[in-house]
Amino acid sequence: MSQFFQIHPDNPQLRLIRQAAEIMRTGGVIAYPTDSAYALGCVIGDKNAVDRIRQIRKLDDKHNFTLVCRDLSELAVYARVDNTQYRLLKNHTPGPYTFILQGSREVPRRLMHPKRKTIGIRVPECNIVSALLNELNAPIMSCTLQLPGDDEPMMDPYDIRQTLESHLDLVIDGGYRGIEATTVVSLLNETPEVLREGKGDISPFS
């Protein structure tokens with residue numbers, strides 16, 4: 001049965017953040033709020049936890065996970081970023097965007113696209129996530145909490161608890177979230193390409 005932490009969205013309680021980070025460090029899978037929808041997350045490099053997320057979402061081994069990072073300097077450790085891409089990222093982070101970039105050697109191979117060696121990277125504008133990332137001192141391996149057969153992500157932490165409590169180690173209640181996932185933008189070519197329209201404004205990339 002999962003634990004359930006009510007964490008203040010504006011002023012996250014450090015005690016609970018530390019407990020959440022410890023749950024993740026010891027192999028835990030969590031549901032947590034972001035600046036778009038709720039997400040599933042675990043620490044980077046934990047194969048068993050990633051496999052559990054795949055089972056919850058019924059994902060195949062070709063699904064692109066997202067690395068949730070603290071800031072651009074951390075992002076640049078896990079993705080190859082040139083000057084043009086860096087300026088674009090600087091203008092749109094933090095925010096509800098996922099950017100597809102070439103992964104670096106720091107990313108475990110099984111987490112990247114098997115052929116293109118790409119990875120989704122994002123820097124959310126969410127105090128709970130920022131506090132958790134600072135405590136972990138590492139990115140979160142993440143994907144949107146949208147269950148098989150559903151058209152939209154889950155938005156109610158109590159529903160998440162009731163539905164998934166036997167599959168998760170922790171549900172973080174940060175209040176209701178929207179049903180829009182992130183806007184996904186590929187930066188693999190010279191011109192940015194919007195792959196999925198979500199909460200983030202697409203006009204800068206049109």
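See above for the structure.
I will try to describe carefully the structure that is included in this document. (Residues numbered from 1 in each chain as written. Predicted model: local features only at pLDDT ≥ 70, side-chain atom pairs only at ≥ 80, totals over all residues. Heavy atoms only, no water.)

Turning to the overall build of the protein chain, a few remarks are in order. Across its full length, the protein chain holds six helices and eleven strands. Relative to the globule expectation of 17 Å for 206 residues, the C-alpha radius of gyration of the protein chain, 16 Å, shows essentially globular dimensions. Expressed as a percentage of the 206 residues in the protein chain, the buried residues total 52%. Taking the intrachain contacts of the protein chain between residues at least 6 apart in sequence as the baseline, contacts between residues at least 24 apart amount to 65%. Of the roughly 10,200 Å² of accessible surface on the protein chain, 44% is carried by carbon and sulfur atoms. Averaging the locations of the 24 positively and 26 negatively charged side chains of the protein chain gives two centres separated by 8 Å. (Helix = DSSP H or I, 4+ residues; strand = E, 2+ residues; numbered from the N terminus. Rg over C-alpha atoms; globule rule 2.2 N^0.38 Å. Buried < 20%, exposed > 50% of the residue type's maximum accessible area, 1.4 Å probe, protein only. Contact = heavy atoms within 4.5 Å. Areas by Shrake-Rupley, 256 points an atom, 1.4 Å probe, with all protein chains shown as cover. Lys, Arg positive; Asp, Glu negative; His and termini not counted. Charge placed at Lys NZ, Arg CZ, Asp CG, Glu CD.)

Take unusual backbone geometry next. A cis amide bond, omega -5°, links Thr93 with the succeeding residue Pro94. With respect to the secondary-structure elements, Pro94 resides in the loop between α4 (83–92) and β6 (97–103). Of note, Asn137 is a non-glycine position whose phi angle comes to about 60°, a positive value. Here Asn137 lies in the loop between α5 (127–136) and β8 (140–144). A relative accessible area of 54% places Asn137 in the exposed class.

On the secondary structure map, Ser36 appears in the loop between β2 (30–33) and β3 (38–43). Look past the residues within four positions of Ser36 in its chain and what remains in contact with it is Pro96, Arg122, Arg177, Gly178, Glu180, Ala181, Thr182 and Lys199.

Quick look at the packing of helix α1 (residues 14–25) against α5 now. Between two packed helices, what matters for the description is the angle formed by their axes and the separation of those axes. With their axes 9 Å apart at the nearest point, α1 and α5 run at an angle of 60° to one another. By the angle between their axes, α1 is oblique relative to α5. Considering only the axes of α1 and α5, their crossing is right-handed. Judged by residue contacts, Leu14, Ile17, Arg18, Ala20, Ala21, Met24 and Arg25 of α1 engage Ile128, Ala131, Leu132, Glu135 and Leu136 from α5. (Axes fitted to C-alpha atoms, helices over the stretch in contact; angles between N-to-C directions. Parallel < 35°, antiparallel > 145°, perpendicular 65-115°, else oblique. Left-handed = near helix turned anticlockwise from the far one by under 90°.)

Note on helix geometry: an α-helix contains 3.6 residues per turn, so any two residues three or four positions apart are oriented the same way. For helix α6 (residues 157–164), the complete set of buried residues consists of Pro157, Ile160 and Leu164. Buried positions in α6, seen along its axis, are confined to an arc of 55° and lie on one side of it. Buried residues in α6 make contact with β1 (3–6), β2, β3, α2 (47–57) and β9 (170–173). Between the side-chain oxygen at the start of α6 and the backbone nitrogen of Tyr158 there is a gap of 2.8 Å, and the oxygen is on Asp156. (Arc of directions from axis to C-beta. Polar contact = N/O pair within 3.5 Å; in protein donor to acceptor, adjacent residues only side chain to side chain.)

What follows deals with the state of the cysteines. With the rule as written, the count across this model stands at zero disulfides. Looking at Cys69, it has no disulfide partner, and the nearest cysteine sulfur is the one in Cys42, 14 Å off. In this structure Cys126 is not part of a disulfide, and its nearest cysteine sulfur, from Cys69, lies 15 Å away. (Disulfide = S-S within 2.5 Å.)

Following the criterion strictly, the structure yields four aromatic pairs and no others. Ring centres of Phe4 and Tyr158 lie 5.1 Å apart, and the angle between their planes is 45°; on these two criteria the pair is classed as tilted. Taken together, the residues span a long stretch of sequence, with Phe4 in strand β1 and Tyr158 in helix α6 at a distance of 154 residues. Taking the centre distance of 5.8 Å and the plane angle of 25° together, the rings of Tyr97 and Phe99 count as stacked. Pair check on accessibility: Tyr97 and Phe99 agree, each one buried. Aromatic rings pair up to connect Tyr97, Phe99 and Phe205 into one cluster. (Phe/Tyr/Trp six-rings, centres within 6.5 Å; stacked < 30°, edge-to-face > 60°.)

What follows covers the nonpolar core. Generally speaking, a soluble globular protein has its nonpolar side chains buried in company with each other. Membership of the largest hydrophobic core comes to 40 residues, with the highest contact counts inside it found for Leu67, Leu75, Phe99, Ile121, Leu145, Ile160 and Leu168. Elements supplying a minimum of two residues to this core: β3, α2, α3 (72–78), α4, β6, β7 (118–122), β8 and α6. With four residues, α2 is the single largest residue contributor to this core. With sequence-adjacent residues up to four places away left out, Leu168 is seen in contact with Met1, Ser2, Val29, Ile30, Ala31, Leu40, Arg52, Ile56 and Ile160. Judged by nonpolar contacts, the second largest core, of 22 residues, contains Leu16, Ile17, Ala20 and Ile23. (Core = buried A, V, L, I, M, F, W, Y, C linked by side-chain atoms within 4.5 Å.)

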